[in-house]
Amino acid sequence: MPQLEKTILEVQDLSIAYPITIGVVRAVEGVSFTLDDGEALGLVGESGCGKSTLGLSILKLHRPPGRVTGGKILYRGTDILSMSDRALLKMRGQNISMIFQNPLTSLNPLFTVEKHFLETIHFHDASMPRERARAAVGKMLETLGIEKKRLKEYPHQLSGGMRQRIMIGLALIMNPDIIIADEPTTSLDVIVEAGFTDLLMSLRSIYKLSIILITHNLGLVAEIADRIAVMYAGRLMEVATTEEIFAHPLHPYTQGLIACVPNILVDQKELVTMPGSPPDLVDRPAGCPFAPRCPQVIPICRQKTPALIQHAPSHSAACWLYRQKEG
Ligand SMILES: Nc1ncnc2c1ncn2[C@@H]1O[C@H](COP(=O)(O)OP(=O)(O)O)[C@@H](O)[C@H]1O
Ligand SMILES: [Mg+2]
């Protein structure tokens, strides 16, 4: 990645916990990463590893009883976590926007498509004349390839793919510079998913967006992301450019994830799945969280947690094995 690109978002040593009756769920632990202007970062990992918790925290929208127990989230140098509620309301949508997993639960069943757009604009800019707002909505629909007549329809009248397009339009209508998309294609079928990927790529260049794409689907991020951050049990295991991750995965967890991506070039008799399951985030064992499932585990892995260390200019990993090999 070019070194000149400006960092637009910086997450520093972030930890988020959910205190529950049986203990404390440590959903995010000491996570640090940066996002450059115009960059697309893929955040991947199995279900329950803390991806959504991390994504929501960037908008300071963590679900109750979630609490930030440490760290900072800097948007253009300002810590989001210490912003006032008023500033947060403006920031969400105008600077950073989110596309959620299930569009049907995020759209209001009683609002037409048009009302969704006009309400969103009015919320952020109450003084915008209605005609200008309508013109902005019309332009957005054109960009999204949606017919104008859809404006009068209600969410239940739209297909899954169309709803997801509307969600993207709503996320972009105030011209934010960062989009966080959390499993945006989970509710779509494969053909619609392919269309979504193309749309996201074209919107990215039209709007000069920075993107954080959250998904368990390594194949999907490979198409969109410049860099990939691999998350496991609340921690980042590896961060590298997409090329590096696939060409030289350092962490055994990343290697396992890649082995599970269906490959049409290799004659695979059956889909590979990784043995074992992620650890309980309440009662964490000492050491690397992946150690119990790791095919290359060595004694130190069970005693001390490895830090995320930079091994090459754009490649970091948190793995004792690799550090031992190097030293
Ligand atoms: N509101 C909540 N209360 C308690 N625990 C939660 C809550 N939301 C998520 N968790 C727990 O936090 C961990 C991370 O969840 P999540 O961020 O949703 O992971 P992912 O998006 O990777 O599937 C999981 O163990 C999950 O059970
Ligand atoms: Mg999630």
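Residues numbered from 1 in each chain as written. Chains lettered and ligands numbered in written order. Predicted model: local features only at pLDDT ≥ 70, side-chain atom pairs only at ≥ 80, totals over all residues.

Student: Talk me through the overall build of the protein chain; I want residue IDs and the actual numbers.
Tutor: Scanning the protein chain for helices and strands turns up 11 helices and 12 strands. Projected onto its principal axes, the C-alpha positions of the protein chain cover 65 × 50 × 45 Å. (Helix = DSSP H or I, 4+ residues; strand = E, 2+ residues; numbered from the N terminus.)

Student: Describe the sheet that holds strand β4 (residues 67-75), and please don't skip the residues or the numbers.
Tutor: Where strands meet in a sheet, backbone hydrogen bonds hold them as pairs that are either parallel or antiparallel. Taken together, 4 strands build an open sheet; the order of strands is β2-β1-β4-β5 and the sheet is antiparallel. One side of each edge strand has no neighbouring strand; the edge strands of this open sheet are β2 (23-36) and β5 (78-79). Here strand β1 (residues 7-20) pairs with β4 via 7 bridges, running antiparallel. Residue pairing across strands places Val11 opposite Ile73, the latter belonging to β4. (Pairing = 2+ DSSP bridges.)

Student: An account of the site of ligand 1 is needed here, citing residue identities and associated values.
Tutor: Around ligand 1, the structure places 15 residues, and the nearest of them are Tyr18, Ala27, Lys51, Ser52 and Thr53. Within the residue set of the shell around ligand 1, elements represented by two or more residues are β1, β2 and α1 (51-57). The element best represented in the shell around ligand 1 is α1, accounting for 3 residues. (Near = placed C-beta within 6 Å.)

Student: Talk me through the sheet that holds strand β3 (residues 40-44); I want residue IDs and the actual numbers.
Tutor: Pairing is mixed across the open sheet formed by 8 strands, whose spatial order is β6-β7-β8-β3-β9-β10-β12-β11. In this open sheet, the two edge strands, each paired with only one partner strand, are β6 (96-99) and β11 (309-312). On average, each strand axis in the sheet is inclined to that of its neighbour by 20 degrees, with strand direction left out of account. Alignment of β3 against strand β9 (residues 227-232), held across 4 bridges, turns out to be parallel. (Axes fitted to C-alpha atoms, helices over the stretch in contact; angles between N-to-C directions.)

Student: Before we move on, can you summarise the domain arrangement of the protein chain with the specific residues and values?
Tutor: Entries for the protein chain in the domain assignment read domain 1 (7-95 + 176-326) and domain 2 (104-174). Between domain 1 and domain 2, the contact holds 14 residues from the first and 10 residues from the second. For the side of domain 1 that touches domain 2, the secondary structure elements donating two or more residues are α2 (85-94) and α7 (190-206). Across the side of domain 1 that touches domain 2, the residue classes tally to 9 nonpolar, 4 polar and 1 charged. (Domains from an automatic or database assignment. Contact = placed C-beta atoms within 7 Å. Nonpolar A, V, L, I, M, F, W, Y, C, P; charged D, E, K, R; others polar.)

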